[in-house]
Every structure is written in structure tokens, then in C-alpha cells.
Amino acid sequence: MKTIDDLGDLRGKRVLVRSDLNVPLDGTTITDDGRIRASVPTIKRLADAGAKVVVVAHLGRPKGAPEEKYSLRPVVTRMSQLLGRDVAFATDTVGDSARAVVAGLADGDVAILENIRFNAGETSKDDAVRGAFADQLAALADVFVSDGFGVVHRKQASVYDVAQRLPHAAGGLVLTEVEVLKKLTVDVQRPYAVVLGGSKVSDKLGVIDNLLGKADRILIGGGMVFTFLAAQGYEVGKSLLEADQIDVVKGYLTRAVELGVEVVLPVDVVAATAFSAEAEHAVYAADAIPADRLGLDIGPKSANLFAEKLADTKTVFWNGPMGVFELEPYSHGTRALAQALIDSKAFTVVGGGDSAAAVRLLGFDEAAFGHISTGGGASLEYLEGKTLPGIAVLES
Ligand code: ADP
Ligand code: MG
């Protein structure tokens, strides 16, 4: 994969950068600027090299037409603060405003174009429609840098098609993420444990499937664990259960035995009378969950067991909270797991939007982890063994 260094002297060159600036907003207030901060180093580096930097990004899911609530304007303000310099803003994607803003850039200046998904060409399934839009984007620049890791699994105009039209390179964020993913799939330091949680088994079947052949241990918690417990024949009460996946899960358990992979399930769970912080709740053995209760967290014995199973590891990939961490009574399993990652001497990777949010919400220092991924969907698709179009095109 080519890097920014391979693009040569960028002074005076117009560089189109695809970043992931899809931050959560409350009105026009950014509630978590993590993705903007993660995008700053590449933009700054290009500006410092004297390039005319033209950033494209999306926000939310507009339907191919402008919608004020999805405007990137609040992001421009924040980016400008983080870069410590003015950032120009084009009020359209490839129209008069974009052309004028790009034409007005001096060496080292930065501009952001309006939400790229305001143009239906960005996400069109029709190659010709996407291609025509990519032509217009490519006309705004001399080279392309792909740095939006969160979108590299998308075959979209500003991710995939534009890279076919301009000399291109991977930005620092994409390079880092891909290096980390390689450490989880090809150059793995062992013992290697994968911890999976979150709400649904069906979201993560592909990852379990692919990592069963790579990990030494798989630890399961969160809402998905009840489908595993049900597959063992246990009563799971009113807990989250995907009955149609029980057979698939049984298949994984059998394959794990064949492959010599250790699957670690909780031995106790915190089960409540209702999905609420105020509901009556208590710890039960995993094979004794009352029929009228729902499991909302792993229990303390499980947390200790999971910590033991991580203590001697060299690599840990964690995706999916151990419980409903958003509610304090059910946050302890996730907290204990995060601490166990930190206490292990392993290279630790946190993937998944909610898992990363949990780490921050529970007050952990992000720097205590080896890597916190910026792209949940992209990481998962890579770990499923799929080809990511936005990476494949950079390698071509
Ligand atoms: P990520 O975004 O890290 O991949 P997911 O989106 O798969 O994680 O799952 C996160 C959600 O799973 C959280 O909102 C959390 O409340 C929920 N969750 C965790 N454990 C349970 C449980 N036992 N029952 C219901 N929901 C759960
Ligand atoms: Mg999620």
C-alpha cells in the first residue's frame, strides 16, 4: 500500500483527503469529537507539507440531498480549533462553492467540502452514477489520500472510485488500523484471546467463524452469551436470546473443541426483573437463571475468570461490552474486563463503537490500551476475512 511519502513533493498540490468525521451531534453540538481528533494528524501533515488540502467526509445518513441537520459546519469549527488554523468550508460537494473554495486555497490551507452524502452519486449502487460523481471529485484535486478508516469497507465514490482516478495513498490512520488488524490475523503473538460481547450474536457470527481458526481462547459475554448458554441447554429466562442461532452456536462450540480453541463462558450473571437500573437484581449461577429474570451483565466470578484467562495473553481483541454498561448496576463486568485488558501485558485492541464508548464512559485512559479502533464495521468485516473495497483499491 502506498503511503503519503510515496506521493513525492506535495507543495502546491491539491490533495483530496477522505476522512471519517461522522461524529455524534446533539443539535449542532458535537458530543464526542474522537473521530475529528483521529483525523487531524494526516490533515496537519499534508498542510505542513504545503499541500492545498481538500477534505471530504460524510455525517449521518442523508438521503442523497442536502439536509441542514447533517451539515458538516459544526465539524469545520471543531477542526479549525484542533488544527489551530482557519478551515474553509464549501457549502456544496462538487458545485460552484466547492470549485471556488478549492481555487482560493493557498499552499498549506485546508478546506472541508459539505457532507459528501448530500450527493446521491456517493452511495449509488450504479457504477456509472458513482463514477460520474467521482470524476467531479477527482477534478478538484491532483492526488488522493484515503484516511477514513471507518468507511473503507464501503464501495463509495469518495472511498473507492476516486482512488481509481487519481494517484493515491493511504493516510496514517488507515495504515495504523491495517497494521493492527494484521497483528490480529496474520502476525499474531500468542496466546491470543478474543473477547466478544455486545447485543447480538447475529451481528458477529462472521467474526466468530473466522477467528475460531485463529484465536487460542474465545471469551463470550454481553447479550450474545445467552444464545451460547441456551445452546448448552441452560434456562436463560427473559434474557436476550436469538433462538434461530442456537444451532449455529452449537456448531461453533463443536468446531472449537475440534480446533482446540478454548471457549470461555460466564459462570455467573447479574439478572434483573426488568431492563432498568432501578429493577431488583442479583447474581445467579449461569445454569440457574430464574425464568422471570433477564441477564444484564456477567457476574463477579465470571469477571475474575475472564481476567485469569487474559493474564498470560500476548494479544487480546475485545469487541462488545460484557453487559448493559450504560446502566451503572450492569457496568461492573465491562469495567472489570477493561481493567483485565490493561493488567495483562498483551497488545490490546478495542474494536466497536459501543466498546470504545464504554471505555471512555467508565473513565479509563484510552492510552492504557494498545489500540482503540476508529472503525467498528470496517474492523469487523476485515476480521470476518472479507475484502474491503477501500483497502483493495489502494493496493492496486
Ligand atoms: P460494539 O458497538 O462495541 O460492537 P454492540 O453494538 O454489539 O457493541 O453492543 C453494544 C450494546 O450491547 C450496548 O448498548 C449494551 O447495552 C448491549 N448489551 C450488552 N450486554 C447486554 C445484555 N446482557 N442484554 C442486552 N443488551 C446488552
Ligand atoms: Mg454498536
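Cut-offs used in this document
Residues numbered from 1 in each chain as written. Chains lettered and ligands numbered in written order. Predicted model: local features only at pLDDT ≥ 70, side-chain atom pairs only at ≥ 80, totals over all residues. Heavy atoms only, no water. Salt bridge = Lys/Arg side-chain N within 4 Å of Asp/Glu carboxyl O. Helix = DSSP H or I, 4+ residues; strand = E, 2+ residues; numbered from the N terminus. Buried < 20%, exposed > 50% of the residue type's maximum accessible area, 1.4 Å probe, protein only. Polar contact = N/O pair within 3.5 Å; in protein donor to acceptor, adjacent residues only side chain to side chain. Contact = heavy atoms within 4.5 Å. Pairing = 2+ DSSP bridges. Right-handed = clockwise from strand over helix to strand, strands pointing away. Axes fitted to C-alpha atoms, helices over the stretch in contact; angles between N-to-C directions. Parallel < 35°, antiparallel > 145°, perpendicular 65-115°, else oblique. Left-handed = near helix turned anticlockwise from the far one by under 90°. Nonpolar A, V, L, I, M, F, W, Y, C, P; charged D, E, K, R; others polar. Near = heavy atom within 4 Å. Phe/Tyr/Trp six-rings, centres within 6.5 Å; stacked < 30°, edge-to-face > 60°. Lys, Arg positive; Asp, Glu negative; His and termini not counted. 1 Å grid on protein atoms, 1.4 Å probe; cavity = no way out; pocket = protein on both sides within 12 Å on 5 of 7 lines; lining within 4 Å. Points joined across faces, edges and corners; volume = space filled by probe spheres on them.

### Quick look at the pattern of salt bridges
For step 1, the next point in the chain: If you walk through the whole model with that rule in mind, you get 21 salt bridges.
For step 2, the next point in the chain: The salt bridge involving Lys 309 is made with Glu 262; its shortest N-O contact spans 2.6 Å. Pair noted here: Lys 309 is in helix α10 (residues 300-311) and Glu 262 is in strand β11 (residues 262-264), with a separation of 47 residues, a long-range link.
For step 3, the next point in the chain: Here Lys 386 ties to Glu 384 by a salt bridge, and the two come within 3.2 Å at their closest N and O atoms.

### What about the side chain of Asp 20?
For step 1, the next point in the chain: Considering the arrangement of structural elements, one finds Asp 20 in the loop between β1 (14-18) and β2 (25-26).
For step 2, the next point in the chain: A residue is classified by how much of its surface remains accessible, and Asp 20, at 5% relative accessible area, is buried.
For step 3, the next point in the chain: A polar contact of 3.2 Å, which involves the side chain of Asp 20, links it to the backbone nitrogen of Asn 22.
For step 4, the next point in the chain: Once you skip the residues sitting within four places of it in the chain, Asp 20 turns out to touch Arg 35, Ser 39, His 58, Gly 148, Gly 150 and Thr 374.

### Thoughts on the pairing of strand β6 (residues 110-113)
For step 1, the next point in the chain: Burial along β6 is two-sided: Val 110 and Ile 112 and Ala 111 and Leu 113, pointing in opposite directions, are all buried.
For step 2, the next point in the chain: As paired elements, strand β4 (residues 52-56) and β6 share 3 bridges and run parallel to each other. Residue pairing for β6: Val 54 is matched across the bridge by Ala 111.
For step 3, the next point in the chain: Direction of pairing for strand β5 (residues 87-90) relative to β6: parallel, over a ladder of 4 bridges. By the bridge assignment, Ala 88 is partnered in β6 with Ala 111.
For step 4, the next point in the chain: Note on the crossover from β5 through helix α3 (residues 96-103) to β6: the handedness is right-handed.

### Notes on the sheet that holds β1
The pairing of strands in a sheet comes from backbone hydrogen bonds and takes either a parallel or an antiparallel form.
For step 1, the next point in the chain: Pairing in this open sheet of 6 strands is parallel, and the strands run β5-β6-β4-β1-β7-β8 from one edge to the other. The strands lining the two open edges of the sheet, one partner per strand, are β5 and β8 (168-170). Strand-to-strand twist of the sheet, defined as the mean angle between neighbouring strand axes without regard to direction, takes the value 25°.

### A few points about the packing of helix α1 (residues 34-48) against helix α2 (residues 73-83)
For step 1, the next point in the chain: Across the interface, α1 lies against α2 with an axial gap of 10 Å and an inter-helix angle of 60°. Overall, the two elements α1 and α2 adopt an arrangement that is oblique. The two elements α1 and α2 cross, and the hand of that crossing is right-handed. Between α1 and α2, the residues in contact are Ile 36, Arg 37, Ser 39, Val 40, Ile 43 and Lys 44 and Val 75, Arg 78, Met 79, Leu 82 and Leu 83, respectively.
For step 2, the next point in the chain: Its residues assigned to classes, the contact of α1 with α2 comprises 7 nonpolar, 1 polar and 3 charged.

### Some words on the sheet that holds strand β14 (residues 294-298)
For step 1, the next point in the chain: Across the sheet, which stays open at both edges, the 3 strands sit in the order β13-β12-β14 with antiparallel pairing between neighbours. The open sheet is flanked by β13 (281-285) and β14, the only strands paired with a single partner. For this sheet, the mean inter-axis angle between neighbouring strands, taken without regard to orientation, is 40°.
For step 2, the next point in the chain: Pairing geometry for strand β12 (residues 268-272) and β14, over 4 bridges, is antiparallel. When the sheet's bridge partners are listed, Val 270 is paired in β14 with Asp 297.
For step 3, the next point in the chain: Of the strands in this sheet, β12, β13 and β14 are in contact with α10, which crosses β14 at around 40°.

### So, the site of ligand 1
For step 1, the next point in the chain: What surrounds ligand 1 is a group of 19 residues, the closest being Lys 204, Gly 295, Glu 326, Asp 354 and Ser 355.
For step 2, the next point in the chain: Here an oxygen atom of ligand 1 sits 3.2 Å away from a polar atom, N or O, in the main chain of Ser 199.
For step 3, the next point in the chain: Within the backbone of Gly 353, an N or O atom sits 3.4 Å from an oxygen atom of ligand 1.
For step 4, the next point in the chain: Listed by contribution, the elements that provide at least two residues to the shell around ligand 1 are β14 and α12 (353-361).
For step 5, the next point in the chain: Here the shell around ligand 1 is composed, by residue class, of 5 nonpolar, 11 polar and 3 charged.

### Some details on the packing of aromatic side chains
For step 1, the next point in the chain: With the rule as written, the count across this model stands at 1 aromatic pair.
For step 2, the next point in the chain: When the ring of Phe 364 is compared with that of Phe 369, the centres are 6.4 Å apart and the planes differ by 75°; the resulting orientation is edge-to-face.
For step 3, the next point in the chain: For Phe 364, a relative accessible area of 13% gives the class buried.

### Considerations on the side chain of Glu 242
For step 1, the next point in the chain: Within the secondary structure, Glu 242 sits in the loop between α8 (225-231) and α9 (246-259).
For step 2, the next point in the chain: No salt bridge is formed by the buried Glu 242, whose closest oppositely charged neighbour, Lys 200, lies at an N-O distance of 5.5 Å.
For step 3, the next point in the chain: With sequence-adjacent residues up to four places away left out, Glu 242 is seen in contact with Lys 200, Val 201, Ser 202 and Thr 227.

### Concerning unusual backbone geometry
For step 1, the next point in the chain: The residue after Arg 190, namely Pro 191, is reached through a cis peptide bond having omega 0°.
For step 2, the next point in the chain: Within the element layout of this structure, Pro 191 appears in the loop between α6 (172-183) and β9 (192-196).

### Overview of empty space enclosed by the protein
For step 1, the next point in the chain: A complete count under the given rule lists 2 cavities of 30 Å³ or more for this structure.
For step 2, the next point in the chain: The volume enclosed by the largest cavity comes to roughly 40 Å³.
For step 3, the next point in the chain: Taken together, Ile 208, Leu 212, Ile 218, Ile 220, Phe 228, Tyr 252, Leu 253 and Val 263 make up the lining of the largest cavity.
For step 4, the next point in the chain: Counting residues per element, the ones that place at least two in the lining of the largest cavity are β10 (217-220) and α9.
For step 5, the next point in the chain: In this structure, the second largest cavity occupies an estimated 30 Å³ of space.
For step 6, the next point in the chain: Together, Glu 177, Val 180, Leu 181, Leu 184, Phe 317, Val 349, His 371, Ser 373 and Ser 379 line the second largest cavity.
For step 7, the next point in the chain: Along the lines of polarity and charge, the residues of the lining of the second largest cavity split into 5 nonpolar, 3 polar and 1 charged.

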